[in-house]
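# Survey of secondary and tertiary structure
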Amino acid sequence: MSLNRNEKAAVVTDVAAQAAKSQTLALAEYRGLTVEALNKLRVEARAKGVYLHVLKNTLARRAVAGTPFEAASESMVGPLIYGFSEDAVAAAKVIADFAKTNDKLIIKGGAYGGKALDANGVKALASVPSKEVLLAQLLGLMQSPVSRFARVIAAVSEQRGGAAAPAEAEAVAEAAPAA
């Protein structure tokens, strides 16, 4: 069933609003997927905050006109499912992970940062760790020198303090006021 003019305008407005708050667009051809597989993909996408929608390509081109995703307009050919995400890698990761387990879903391209991505670009974007993992790695790198320094200080203190520890303890006890 085709949409009337008002319904098409509503779809374009909805997709344009989603594109305005998204960082990434991933496109995949879904030809040959069963309804069950497509529903499974939608559930995974929803769980990860990805807006996944099957659109007519002309409506999608109108919706992304004037946005950074306009660069992907040339890839909008054939039956496509569009994935938008606010997280920089979520849309690419959902589609790439699903494509690994289902050979009927074929990654066609996407857009990130105003640049068009080919299928390999989307797969590369999908391989980037999530924000939480990157923050944990950064924190580990920042803690590493501090913890090494603390271990070295503790080892030096232990070496020097092995014989001097009882004498220092007595000096501290003498200096403390009597209760």
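Treat the numbers as computed from the prediction; the structure is a model and nothing was measured.

### A look at the sheet that holds strand β2 (residues 50-54)
Strand order in the open sheet formed by five strands is β2-β3-β1-β4-β5, and the pairing between neighbours is antiparallel. Edge positions in the open sheet fall to β2 and β5 (115-117), since each of these has one partner strand only. Ignoring strand direction, the axes of neighbouring strands in this sheet form an average angle of 20°. In this structure, strand β1 (residues 24-29) lies alongside strand β4 (residues 106-112), joined through six bridges in antiparallel fashion. The partner of Leu27 across the bridge, within β4, is Gly109. The strands touched by helix α2 (residues 35-47) within the sheet are β2 and β3 (80-85), with β2 carrying the most contacts at an inclination of about 150°. Helix α5 (residues 119-126) rests against β1, β4 and β5 of the sheet, and its axis sits at about 75° to β4.

### Description of the environment of Ala9
Mapped onto the elements of the fold, Ala9 is located in helix α1 (residues 5-20). For Ala9, a relative accessible area of 40% corresponds to the partly exposed category. Between the C-alpha atom of Ala9 and that of Ala63, which follows or precedes it by 54 residues, the distance is 9.3 Å.

### Some words on the nonpolar core
Membership of the largest hydrophobic core comes to 25 residues, with the highest contact counts inside it found for Leu41, Ile81, Ile95 and Leu105. If you list the elements that add at least two residues to this core, you get β1, α2, β2, α4 (90-101) and α5. Membership of the second largest hydrophobic core comes to 18 residues, among which are Leu27, Leu55, Ala60 and Met76.

### A look at the packing of α4 against α5
Close contact between α4 and α5 brings their axes to 8 Å; oriented N to C, the two are set at 105°. Classified by the interaxial angle, the pair formed by α4 and α5 is roughly perpendicular. In this structure, α4 uses Ala92, Lys93 and Ala96 to contact α5, whose residues at the interface are Val122, Leu125 and Ala126.

### Details of the pairing of β3
When you tally the buried positions in β3, you get six out of six residues, the bulk of the element. Taking every second residue as pointing to the same face, both faces of β3 are buried, with Leu80, Tyr82 and Phe84 on one and Ile81, Gly83 and Ser85 on the other. Sheet topology note: the β1/β3 ladder contains six bridges and is antiparallel. Following the sheet pairing, Leu27 is matched in β3 by Tyr82. The sheet contact formed by β2 and β3 spans five bridges and is antiparallel. Within β3, the residue paired with Val50 across the bridge is Ser85.

Criteria and thresholds
Residues numbered from 1 in each chain as written. Predicted model: local features only at pLDDT ≥ 70, side-chain atom pairs only at ≥ 80, totals over all residues. Heavy atoms only, no water. Pairing = 2+ DSSP bridges. Helix = DSSP H or I, 4+ residues; strand = E, 2+ residues; numbered from the N terminus. Axes fitted to C-alpha atoms, helices over the stretch in contact; angles between N-to-C directions. Contact = heavy atoms within 4.5 Å. Buried < 20%, exposed > 50% of the residue type's maximum accessible area, 1.4 Å probe, protein only. Core = buried A, V, L, I, M, F, W, Y, C linked by side-chain atoms within 4.5 Å. Parallel < 35°, antiparallel > 145°, perpendicular 65-115°, else oblique.

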